[in-house]
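Listed here are the chains, written in short residue letters.
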Amino acid sequence: MQTNSNLKNYHILQGFSLSRYIGDALVYAFLALYFNSLNLPAIQTGTLLASVPTMAICGNIIMSLISKSTKRNLLLMKLIMPFEMIGMVLIGFFDTFIPVLICSLLMNICNSCFYSLLDGVAGEVSASSNKKYAGIRIFGSIAYFIGSFSGGFLINSINYKFTFIIAATTYLIGYIIIYFINSNELNSEQNNEQNSNFLKVLFSNKTFIFYLVFYTCVMSMNNITDNFFSLFAKDIKGMPEDIYGIVYSSMILVEVIMMFISLKIKKINNKLILIIASLFLIARPLTLFFEIPYFMLFIVPIFRGIGWGLILAYNIVTLNTFLESKYITKAILVLTIFTQIYNMILNQFGPIIVEKTSYNIFFIILATIGTIGLISIAINKIKRKTEN
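Residues numbered from 1 in each chain as written. Predicted model: local features only at pLDDT ≥ 70, side-chain atom pairs only at ≥ 80, totals over all residues. Heavy atoms only, no water.

## So, the packing of aromatic side chains
By convention here, two paired aromatic rings are described through the distance between centres and the angle between planes. For the record, the criterion: In this analysis, rings of Phe, Tyr and Trp, with Trp reduced to its six-membered ring, are considered paired at centre separations within 6.5 Å, and the interplanar angle assigns stacked below 30 degrees, edge-to-face beyond 60, and tilted for intermediate values. Burial classification: accessible surface area is computed with a 1.4 Å probe over protein chains only, and a residue below 20% of its type maximum counts as buried, one above 50% as exposed, and the rest as partly exposed. The secondary structure listing takes helices from DSSP runs of H or I that are at least 4 residues long and strands from runs of E that are at least 2 residues long, numbered from the N terminus. Working rule: Lys NZ or Arg CZ, within 6 Å of ring centre, within 35 degrees of ring normal, means a charge sits over the ring.
For the coordinates displayed, the defined rule picks out 25 aromatic pairs. Seen in terms of ring centroids, Phe 203 and Phe 208 are 6.0 Å apart; in terms of plane orientation they differ by 85°. Their pairing is edge-to-face. Residue classification places Phe 203 among the partly exposed positions, given a relative accessible area of 33%. Both rings, one in Phe 232 and one in Phe 363, keep their centres 5.7 Å apart while their planes meet at 90°; by these two values the pair is edge-to-face. On the criterion of sequence distance, the pair formed by Phe 232 in helix α10 (residues 206-235) and Phe 363 in helix α15 (residues 359-379) is long-range, its members being 131 residues apart. Take Phe 232 and Phe 363: they sit in the same class, and that class is buried. One aromatic cluster is present, formed by Phe 16, Tyr 21, Phe 30, Phe 114, Tyr 115, Tyr 144, Phe 229, Tyr 244 and Tyr 248 through successive ring pairs. The positively charged end of Lys 330 is found above the aromatic ring belonging to Phe 198, 4.8 Å away from the centroid.

## Thoughts on the nonpolar core
Stated precisely, the cut-off is as follows: In this description, a nonpolar core means a group of buried Ala, Val, Leu, Ile, Met, Phe, Trp, Tyr and Cys residues linked to one another through side-chain atoms lying within 4.5 Å. Contacts are residue-level and defined by heavy atoms, with any inter-residue pair within 4.5 Å sufficient.
Membership of the largest hydrophobic core comes to 125 residues, with the highest contact counts inside it found for Tyr 34, Ile 91, Phe 208, Tyr 211 and Phe 228. Among the elements that take part in this core, α10 stands out by supplying 15 residues, more than any other. Look past the residues within four positions of Phe 228 in its chain and what remains in contact with it is Leu 49, Leu 346, Asn 347, Gly 350, Pro 351, Val 354, Tyr 359, Phe 362 and Phe 363.

## A closer look at the environment of Asn 36
One can find Asn 36 in helix α2 (residues 31-37). For Asn 36 and Gly 123, which are 87 residues apart along the polypeptide, the C-alpha to C-alpha distance reads 36 Å. With residues up to four places along the chain from it excluded, the contact list for Asn 36 reads Leu 231 and Asp 235.

## Some words on unusual backbone geometry
If you check the backbone angles, Asn 39 has positive phi at about 55° while not being a glycine. Along the polypeptide, Asn 39 turns up in the loop between α2 and α3 (42-66). Positive phi is not limited to glycine here, since Asn 130 has a value of about 60°. Tracing the chain through its elements places Asn 130 in the loop between α5 (97-128) and α6 (134-157). Here Asn 130 falls in the exposed class, since its relative accessible area comes to 59%.

## Some details on α6
So the rule is basically this: Between the first and last residue of a helix there are one fewer steps than residues, each counted as 1.5 Å, and that sum is the expected span. By definition, a residue's bend is the angle between the axes fitted to the seven residues ending there and the seven starting there.
Here α6 spans 34 Å end to end across 24 residues, near enough to the 34 Å set by a 1.5 Å rise per residue. Maximum bend of α6: about 30°, positioned at Gly 151.

## Notes on the packing of helix α1 (residues 4-28) against helix α7 (residues 160-178)
Operational definition: Axis lines are fitted to C-alpha atoms, over the contacting stretch for helices. Their N-to-C directions set the angle, which ranges from 0 to 180 degrees. Each angle receives one of four descriptions, namely roughly parallel if under 35 degrees, roughly antiparallel if over 145, roughly perpendicular if within 65 to 115, and oblique otherwise. Handedness of each helix crossing follows the sense of rotation of the near helix against the far helix: counterclockwise by less than a right angle gives left-handed, clockwise gives right-handed. Residues were grouped as follows: Ala, Val, Leu, Ile, Met, Phe, Trp, Tyr, Cys and Pro as nonpolar; Asp, Glu, Lys and Arg as charged; and all remaining residues, including Gly, as polar.
Viewed as axis vectors pointing N to C, α1 and α7 meet at an angle of 165°, and their least axial separation amounts to 8 Å. Relative to α7, the element α1 lies roughly antiparallel. Considering the relative orientation of α1 and α7, their crossing is left-handed. For the pair α1 and α7, contact is made by Ile 12, Gly 15, Phe 16, Ser 19, Arg 20, Ile 22, Gly 23, Asp 24, Leu 26, Val 27 and Tyr 28 and by Thr 163, Phe 164, Ile 166, Ala 167, Thr 170, Tyr 171, Ile 173, Gly 174, Tyr 175, Ile 177 and Ile 178, respectively. Looking at the contact of α1 with α7, its residues break down into 14 nonpolar, six polar and two charged.

## Describing the packing of α1 against α5
Between two packed helices, both the angle of their axes relative to each other and the distance between the axes serve to describe the pair. Direction vectors running N to C along α1 and α5 enclose 155°, while the axes themselves pass 11 Å from each other. The angle between the axes of α1 and α5 places the two elements in the roughly antiparallel class. Here the hand of the crossing between α1 and α5 comes out left-handed. Across from Asn 6, Asn 9, Tyr 10, Leu 13, Phe 16, Arg 20, Tyr 21, Asp 24, Val 27 and Tyr 28 in α1, the residues of α5 making contact are Met 107, Asn 108, Asn 111, Phe 114, Tyr 115, Leu 118, Val 121, Ala 122, Val 125, Ser 126 and Ser 128. By residue class, the composition of the contact of α1 with α5 is 13 nonpolar, six polar and two charged.

## Here's the deal with helix α14 (residues 328-356)
Here α14 contains 29 residues, and its C-alpha end-to-end distance of 41 Å stays within 8% of the 42 Å for a straight helix at 1.5 Å per residue. Maximal helix bending in α14 amounts to about 40°, located at Phe 349; proline Pro 351 follows within four positions.

## Section: the pattern of salt bridges
This is how it is decided: Any carboxyl oxygen of Asp or Glu within 4 Å of a side-chain nitrogen of Lys or Arg constitutes a salt bridge here.
Tallied over the entire structure, the rule returns five salt bridges. Across the salt bridge formed by Arg 304 and Asp 226, the nearest N and O atoms sit 2.7 Å from each other. Taken together, the residues Arg 304 in helix α13 (residues 300-322) and Asp 226 in helix α10 connect sequence positions 78 residues apart. Both residues of the pair, Arg 304 and Asp 226, count as buried. Across the pair Glu 255 and Arg 304 runs a salt bridge whose closest N-O atoms are separated by 3.3 Å. Note that Glu 255 is positioned in helix α11 (residues 241-264) and Arg 304 in helix α13, a separation of 49 residues in sequence. Glu 255 sits in the buried class, given a relative accessible area of 2%. Judged by its relative accessible area of 5%, Arg 304 falls in the buried class. One continuous salt-bridge network, built from bridges that share partners, spans Asp 226, Glu 255, Arg 284 and Arg 304.

## Some remarks on the environment of Asp 242
Position of Asp 242 among the secondary structure elements: in helix α11. Asp 242 gets classed as buried once you look at its relative accessible area, which sits at 18%. In this structure, the C-alpha to C-alpha distance between Asp 242 and Leu 74, residues 168 residues apart in sequence, is 36 Å. Excluding residues within four positions of it along the chain, Asp 242 makes contact with Gly 152, Phe 153 and Asn 156.

Below, the structure written as structure tokens:
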């Protein structure tokens, strides 16, 4: 039921997303470059990269056990955000392996699971307001454009340390904003049987299993390509941080455009959109497999912008077509956990594969993984809730 409080929560989440995602972009869009700038051995760099998904797995497993309602999600978001801010401030003060690893562990156990919780809250608020989830998420994409565009210049002009402090400041603003959400409008139902049986419900749903394979393969391919594209652009092509920030922000700009377009479309085949999105995302590592000229580094990210923008707009919507709303947050957590397991493995061994072979070989491996996900969504007969 749509109320003024529902609409107010919807707009508050838009403002929160704007502040939160600016800070996120200032740190996480450049985190792989920061790790690489420490000039550590490949195994240690791989461990730092792998710490991101490893802690995301831990955080999401914990949240899957204690997240029992949307109202609880909001409380958990308020509890974990300060810890991420602390790690974000401290990490820039160190340049040796152990303290950087500790800060990374603290940041990343909070970061990924935070967005799973946020998606659950945003999904319910959107539905209760008769609004599209993309109307909230697009503010995050706009913020990521701002953060990634300015981040490279801040790092080059100042340094990583103060850029990360600025990021934590925008987090603090978002943290204040989130307290204005009226939690009384959120679902507080805590069905213990539902929460204990959610895995059985999800994994007995063939549509969800195929969707899990699709999401895990395509998203892990996309995430790891993000990390190694930044390293490839700097190490092989000599691209400085400020120019990389422009390249990254152009990718986000395309993402924003795609989400604007999705808001204007009333009815469309979600499966077809996800297939198209997968093709664009696969095109990026597939192109990077070949020896490309420098100017192509400015074109290839457009593929990611189109594909990721479509995924953002239609992922939650698609889940809602074949899962009951009470299982959406749990499903998001499961999808994230499986994706981060793949991310952990690929981040750990990626630097070693690159060192032993080349970036080109690693990119074609990533494209192959994404193709498995594409096949899974293509053959998935997505059944609506009433048919399950």
